[in-house]
There are 2 protein chains.
Amino acid sequence: MAEAVLDDLIDALRRLPGVGLKSAQRMAFHLLQHDRDGARRLALALEHAVSRTHHCARCHTFTEAEVCATCLDPQRDPHQLCVVETPADQAALERSGSYQGLYFVLMGRLSPLDGVGVHDIGAAPLLERAADGVVEEVILATGFSAEGEATAHALGEALRARGLKVTRLARGVPVGSELEYVDLGTIAHALADRR
Amino acid sequence: MAEAVLDDLIDALRRLPGVGLKSAQRMAFHLLQHDRDGARRLALALEHAVSRTHHCARCHTFTEAEVCATCLDPQRDPHQLCVVETPADQAALERSGSYQGLYFVLMGRLSPLDGVGVHDIGAAPLLERAADGVVEEVILATGFSAEGEATAHALGEALRARGLKVTRLARGVPVGSELEYVDLGTIAHALADRR
């Protein structure tokens, strides 16, 4: 594919996370040969998403409105605020069907190696949001990776310093797993947090 | 991400080959949070590729012109015609730097299970192209998968019936490989085709 317009397409596809040269070539070929309609639809969806979405003024997730539908939902409990890293994490919590409070989406996590500090992950807007006088408990639901734990630690300190009640999702053995295949760190936490 | 415009983007990304729900969510999040410029660029590249590329009138590869640059190149040997499955295969042969003839790109291969027959892979245009009176040898460079072999077999029969000289890429031990790790079928072919 020596044509400039194809090289442009392959280069643009390679900027997607997890897509290398071979995958980008395969995608470009597939779209042009078998799914031009899909290519047009993707172009339009990208255009719309980029031009119409911005951050929710209250929880920072992506939304087309000033404030997102979840934040405006009167059915949700405004006393609980759950802090997640990404909209995908929020969606996972929603699918569990066991949380009725509100959210705050960091859109990232602490990552000192990549130069992402506590200011870059929206700590200040979170502190302001949590201090609205209605929120009683902040549930830290960042990931259990090293970066997610560091993020929870840093945010927890700052929130507690402002007198807020801060909790963290429980660590333990995943539902459905055999103990012999669970890693040692998880077993140690499950033992320490036994109830 | 409950917003319609985001769901549209995730759905459109899922139509790409090898992209499932999780990857599509990750791509959408990455583009909106970290690379809106890349999203705009991808939308534009898709739009351009779909509206400007069509098949080369001679070799069937994707091109913006009536006939592609390779087919028009007077430096190439018009007596040899190499048949490949995709533009990516053509690019691989070009990178090897050991072929100076022309190409015919099938844009597919026989796949009876998916309902892809010999008419769907451009057999008729290939026979017409190869019968231009200039082509002396047709080199079948389809893959060495079951489908690629079946494609080479079917096309080879049809081309030979029209009195054309037909050859196939050599099967054998890949350069740099240890014999003990090479599969038995390849060793059998390398023995039979020894020179």
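Residues numbered from 1 in each chain as written. Chains lettered and ligands numbered in written order. Predicted model: local features only at pLDDT ≥ 70, side-chain atom pairs only at ≥ 80, totals over all residues. Heavy atoms only, no water.

**Student:** Break down the interface of chain B and chain A for me, with residues and values.
**Tutor:** Accessible area lost upon the coming together of the parts is a frequently used measure of interface size. Each side of the interface is counted separately: chain B has 52 residues, and chain A has 52 residues. Summing the contributions of chain B and of chain A, the shared interface buries around 5000 Å²; its carbon and sulfur component is 65%. When residues of chain B are sorted by the area they lose upon contact with chain A, Arg15(B), Val50(B) and Phe62(B) head the list and together hold 14% of the total. For the pair chain B and chain A, the number of links is 4 salt bridges. We note a salt bridge from Arg15(B) to Asp35(A), for which the minimum N-O separation is 2.8 Å. Where the side of chain B that touches chain A is concerned, the elements lending two or more residues are α1 (4-14), α2 (21-34), α3 (36-52), β1 (54-55), β2 (62-63) and α5 (87-96) of chain B. Residue composition of the side of chain B that touches chain A, grouped by class: 28 nonpolar, 10 polar and 14 charged. (Contact = heavy atoms within 4.5 Å. Buried area = accessible area lost by both parts, 1.4 Å probe. Salt bridge = Lys/Arg side-chain N within 4 Å of Asp/Glu carboxyl O. Helix = DSSP H or I, 4+ residues; strand = E, 2+ residues; numbered from the N terminus. Nonpolar A, V, L, I, M, F, W, Y, C, P; charged D, E, K, R; others polar.)

**Student:** So what about the packing of aromatic side chains? Which residues, and what values?
**Tutor:** One pass over the full model with this rule turns up 4 aromatic pairs over all chains. Arranged with centres 6.2 Å apart and planes meeting at 55°, the rings of Phe62(A) and Phe29(B) form a pair that is tilted. A residue pair is termed interchain when its members come from two chains, as with Phe62(A) in strand β2 (residues 62-63) and Phe29(B) in helix α2. Centroid distance Tyr99(B) to Tyr103(B): 5.2 Å. Interplanar angle 65°. Geometry classified as edge-to-face. Across this residue pair, the class does not change: Tyr99(B) and Tyr103(B) are buried. The ring centre of Phe144(A) lies 4.1 Å from the NZ or CZ of Arg168(A), which sits over that ring. (Phe/Tyr/Trp six-rings, centres within 6.5 Å; stacked < 30°, edge-to-face > 60°. Buried < 20%, exposed > 50% of the residue type's maximum accessible area, 1.4 Å probe, protein only. Lys NZ or Arg CZ within 6 Å of the ring centre and 35° of its normal.)

**Student:** Break down unusual backbone geometry for me, with residues and values.
**Tutor:** The phi torsion at Met107(A) lies on the positive side, around 60°, for a residue other than glycine. Here Met107(A) lies in the loop between β4 (101-105) and α6 (123-130).

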